[in-house]
Amino acid sequence: MAASDRMVLAPLVGSIDQGTSSTRFLVFNAKTAELLSHHQVEIQQKFPREGWVEQDPKEILKSVHECVERTCEKLQQLNIPITNIKAIGVSNQRETTVVWDKTTGEPLYNAIVWLDLRTQSTVERLLKRIPGKNKAFFKFKTGLPLSTYFSAVKLRWLLDNVEEIKQAVDEGRAMFGTIDSWLIWSLTGGKNGGVHCTDVTNASRTMLFNIHSLEWDPELCQFFDIPMEILPKVRSSSEIYGLMVIFSFLFAKQKSGALTGVPISGCLGDQSAALVGQMCFQDGQAKNTYGTGCFLLCNTGQKSVFSEHGLLTTIAYKLGRDKPVCYALEGSVAIAGAVVRWLRDNLGILKSSQEIEKLAAEAGTSYGCYFVPAFSGLYAPYWEPSARGIICGLTQFTNKNHIAFAALEAVCFQTRELLDAINKDCGIPLNQLQVDGGMTNNKVLMQLQSDILCIPVVKPSMPETTALGAAMAAGAAEGVGIWSLNPGDLTAVTCERFEPQINPEESEFRYARWKKAVMKSMGWETSESPSNGKPE
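A brief structural summary. Since the model is a prediction, treat every value here as computed from it, not as a measurement.

**Description of the sheet that holds strand 21 (residues 433-436)**
Note: strands within a sheet are paired through backbone hydrogen bonds, in either parallel or antiparallel orientation.
No. 1: The mixed open sheet is built from 7 strands, whose spatial order is 17-18-16-15-21-22-23. The two strands at the open ends of the sheet, each matched to only one other strand, are strand 17 (312-317) and strand 23 (495-498). Going across the sheet, the axis of each strand differs from the next one's by a mean of 30°, ignoring polarity.
No. 2: Bridge analysis of strand 21 against strand 22 (residues 457-460) gives 2 bridges, and the strand direction is parallel. Of the residues in strand 22, the one forming a bridge with L433 is V457.
No. 3: Packed on one face of the sheet, helix 14 (residues 400-426) meets strand 15 (286-290), strand 16 (294-301), strand 18 (326-333) and strand 21 and runs near 15° to strand 16.
No. 4: Here helix 15 (residues 443-453) sits on the sheet in contact with strand 15, strand 21, strand 22 and strand 23, set at roughly 55° to strand 23.

**A short note on empty space enclosed by the protein**
Any empty space left between atoms is shown by rolling a water-sized probe over those atoms.
No. 1: Using the criterion set out here, one finds 2 cavities of 30 Å³ or more in the structure.
No. 2: In this structure, the largest cavity spans a volume of roughly 110 Å³.
No. 3: Lining the largest cavity are 14 residues, with S147, T148, W383, E384 and P385 sitting closest to its centre.
No. 4: Taken together, the residues that form the lining of the largest cavity break down as 7 nonpolar, 5 polar and 2 charged.
No. 5: Its volume calculated, the second largest cavity comes out at about 80 Å³.

**A closer look at the packing of aromatic side chains**
No. 1: Counting across every chain of the model gives 27 aromatic pairs.
No. 2: When the centroid spacing of 6.4 Å and the interplanar angle of 20° are considered together, the rings of F413 and Y511 count as stacked. Remark: Y511 occurs in helix 17 (residues 504-521) and F413 occurs in helix 14; sequence separation between them is 98 residues. Comparing F413 with Y511 shows no difference in burial state: the two are buried.
No. 3: One aromatic cluster in this structure is built from W114, Y149, F150, F295, Y379 and W383.

**Concerning unusual backbone geometry**
No. 1: The omega torsion across A380 and P381 is -5°, close enough to zero to call that bond cis.
No. 2: Note that P381 resides in the loop between strand 19 (370-372) and strand 20 (390-392).
No. 3: The phi torsion at L214 lies on the positive side, around 60°, for a residue other than glycine.
No. 4: Among the secondary structure elements, L214 is positioned in the loop between strand 10 (209-210) and strand 11 (215-216).
No. 5: Even without being glycine, D225 reaches a positive phi, approximately 55°.
No. 6: Tracing the sequence through the fold places D225 in the loop between helix 9 (218-224) and strand 12 (233-235).
No. 7: Look at D225 and you get exposed, because its relative accessible area is 52%.

Calculation rules
All residue numbers refer to positions counted from 1 along the written sequence of the respective chain. Owing to the predicted nature of the model, reporting of local features is limited to residues with pLDDT of at least 70; listing and counting of side-chain atom pairs is limited to 80 or more, with chain, interface and lining totals taken over all residues. Side-chain metrics rest on all non-hydrogen atoms present in the structure, leaving aside hydrogens and water. At least two bridges found by DSSP between two strands is the condition for calling them paired. Secondary structure elements follow DSSP: runs of H or I of four or more residues count as helices, runs of E of two or more count as strands, with numbering from the N terminus. Fitting a line to C-alpha atoms yields each axis, with helices limited to the stretch in contact; the angle taken between N-to-C directions then spans 0 to 180 degrees. Only heavy atoms matter for contacts: two residues are in contact if any of them lie within 4.5 Å across the pair. Whether a set of points on the 1 Å grid over the protein atoms alone is a cavity depends on a 1.4 Å probe fitting there but being unable to get out, while an open set qualifies as a pocket with protein on both sides within 12 Å along at least five of seven lines; lining residues are those with an atom within 4 Å of a point. Grid points are joined across faces, edges and corners, and a volume is the space filled by probe spheres set on the points. In this classification, the charged set is Asp, Glu, Lys and Arg, the nonpolar set is Ala, Val, Leu, Ile, Met, Phe, Trp, Tyr, Cys and Pro, and all remaining amino acids, among them Gly, are polar. Pairing of aromatic rings covers Phe, Tyr and Trp, the last counted by its six-membered ring, and requires centre-to-centre distances within 6.5 Å; plane angles under 30 degrees mean stacked, over 60 mean edge-to-face, and any other angle means tilted. Burial status follows relative accessibility: with a 1.4 Å probe on protein chains alone, a residue under 20% of its type maximum counts as buried, one over 50% as exposed, and anything between as partly exposed.

Pasting the structure below:
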């Protein structure tokens, strides 16, 4: 049998990867994990006020439809029947909060993005109700500190400030969800019977979810004053949630197959999806994803480990209704790839995001310039919302190439801080770092990362591990059963390896200077600033 015939016969799995800066739809061969086709659309971010970050939920949904249709067209050009797509997985930017009207299917406000800082005054008001203003008060239930980052405070802000949402809640029309819930509800019928659900990984980022009982927590909902009836049903990360109706029309166009949808049967928050896609199924395995932010997750197995060094405890995955839940320690950094977009869009020193590699390579050093991109405060390990971005160590010699280099170094230094924290919490230092995400195509960044960590950095040749993880969960779901997650059946991944090339003393010197710069970025902002008001 010819290879092309085998490809035509192989079952396929589609993966919706809805990130902060773009949406993608990718199609994988369920037997070989080969990526066959994909399409990507950039998503607009709105900054209506300083510290506010929003997206249009309808634009996000439209981008998913566009990506699915374009990818299916590409498959047809390859003579691969789209009826071979047997399941769909969803992976998504986490924490981003949407409230919509279930009778009209319309969002009641823009999505408030995870990076958004408008809720700082909400956080401070809530802290006053906690004994000793302890940010970690809910840590043992949720794994999280009280922060602007998580969905509960964004939802509280919406209920306090948006009249349409208050009214919809009172009239029983409102639905809340993170991006996965909004997409699954919309794609399975929307106002005509759409499925309102989320998975345990996304639920664990809301601050309303008990990560041990795996249920919405009435005490947490009471504390944040969130009506439980607007919350989605929590499911495992791998089961059939509903049928994706767009495929009915695509199949009809092809005049092939019955007019049925394709099951959406996998759902994972993007960082959990990357952990699965990197096949980090063993206790102690870790990966670092370089996207808009930077996220280092270490699998802790069926045991929830609580950090002493500023990391989050989160749900890694639950790959089936009857399968055990697995946990992870997570280090979260708000700004990684976003700093490149900022240099491109705000300062105009890059024409494209790819150009940063060339500028940094020309400089070869930051020449003593350090960049702390604390645009949304500092996340792990500091959890310091008062911090703001700074560039220091500037001289008349500094040029845009040095700033580009310093921006890449900042991503690496932030990862070093996360790695140090994970090594302290786990007790066993990682001897190499598995990496993925869009920024890993930048070879200068990968070499810098190895130099600053003083350990090898290992990058899979197929960097779309987030989408792969969601596809694996979807294909392995009960009732689909076309993707085996047995260790012996998982495809070996070819990797590119970067080894440290500078001596550890130089690395430590630069890291110490970075730490000094971080201290100077703190204590800058207060909640009394005029940017924390109601929407206009």
